[in-house]
Amino acid sequence: MTRTPPPARHPSRLDPAIAARLKRSADGLVPAIAQQYDTGEVLMLGWMNDEALHRTLTTGRCTYWSRSRQEYWVKGDTSGHVQYVKSVALDCDADTVLVKVDQVGAACHTGARTCFEADVIKDAVSSEDAVSDVPPLGQ
């Protein structure tokens, strides 16, 4: 892990055309969703600033900004659970990054495959269970 100044003060090496499109939070970050490239499985959510996105695009490994430790971290450098980048896309508002990866091992810091398998708060809703008191559009 590389210790660096806070994101807003770090000089950007990100392509200026990409940087101009990004809509960042007040602290200079964008959420980055990691998704398994071949199955579509959502693995985790991390945060990137311009430099983390630049490193992700140029190294082929996911680099995130740790908000708690205030430093960059490359997924897998300490755990061995590496994310190899297959593609990177911005959403339609350019305020979220989707990184399709080939995940080696667990994506979650708890050791689970994904960060979203341990606490399912609602399973799929069948048409019989759907809320029926919602008025049709236009009424």
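Residues numbered from 1 in each chain as written. Predicted model: local features only at pLDDT ≥ 70, side-chain atom pairs only at ≥ 80, totals over all residues. Heavy atoms only, no water.

The chain is annotated in an unreviewed UniProt entry as Phosphoribosyl-AMP cyclohydrolase of Streptomyces xiangluensis. Note on the chain: under the UniProt heading Subcellular location (unreviewed entry), the record states "Cytoplasm". Under the UniProt heading Function (unreviewed entry), the entry covering the chain gives this text: "Catalyzes the hydrolysis of the adenine ring of phosphoribosyl-AMP." (UniProt positions renumbered as here; feature names shortened; annotations may be inferred.)

**Student:** Whenever I open this one, helix H2 (residues 50-59) confuses me. Can you help?
**Tutor:** In an α-helix there are 3.6 residues to a turn, and that puts residues three or four apart on one side. Burial of H2 is extensive: seven of the 10 residues sit out of reach of the surface. Buried residues of H2: Asp50, Glu51, Ala52, Leu53, His54, Arg55 and Thr56, and no others. Here H2 starts with a cap whose side-chain oxygen sits 3.2 Å from the backbone nitrogen of Glu51, and that cap is Asn49. (Buried < 20%, exposed > 50% of the residue type's maximum accessible area, 1.4 Å probe, protein only. Helix = DSSP H or I, 4+ residues; strand = E, 2+ residues; numbered from the N terminus. Polar contact = N/O pair within 3.5 Å; in protein donor to acceptor, adjacent residues only side chain to side chain.)

**Student:** Would you take a moment to explain the packing of aromatic side chains for this structure?
**Tutor:** One pass over the structure, following the stated rule, counts two aromatic pairs. Relative to Trp73, the ring of Tyr64 has its centre 4.9 Å away and its plane inclined at 35°; by these criteria the two rings are tilted. Measuring from ring centre to ring centre gives 4.8 Å for Trp65 and Tyr72, while their planes differ by 75°; the resulting arrangement is edge-to-face. Accessibility expressed as a relative area gives 2% for Trp65, which makes it buried. We classify Tyr72 as buried; its relative accessible area is 1%. Stacked on the ring of Tyr72, the Lys or Arg Arg55 has its end atom at 4.2 Å from the ring centre. The ring centre of Tyr37 lies 4.9 Å from the NZ or CZ of Lys86, which sits over that ring. (Phe/Tyr/Trp six-rings, centres within 6.5 Å; stacked < 30°, edge-to-face > 60°. Lys NZ or Arg CZ within 6 Å of the ring centre and 35° of its normal.)

**Student:** What is the right way to look at the environment of Asp102 in this model?
**Tutor:** Note that Asp102 resides in strand S7 (residues 97-103). Asp102 gets classed as partly exposed once you look at its relative accessible area, which sits at 26%. In the structure, Asp102 is positioned 18 residues away from Tyr84 in sequence and 5.1 Å away in space, judged by C-alpha atoms. Setting aside its immediate chain neighbours within four residues, Asp102 contacts Gln36, Tyr37, Val82, Gln83, Tyr84 and Lys86. Reaching out from Asp102, the side chain makes a polar contact with the side chain of Gln36 at a distance of 3.3 Å. (Contact = heavy atoms within 4.5 Å.)

**Student:** What am I meant to see in the side chain of Glu71 here?
**Tutor:** Structurally, Glu71 can be placed in strand S5 (residues 71-74). When its relative accessible area of 12% is taken as the criterion, Glu71 is described as buried. Within the local environment of Glu71, its side chain forms a polar contact with the side chain of Arg69, the two groups lying 3.2 Å apart.

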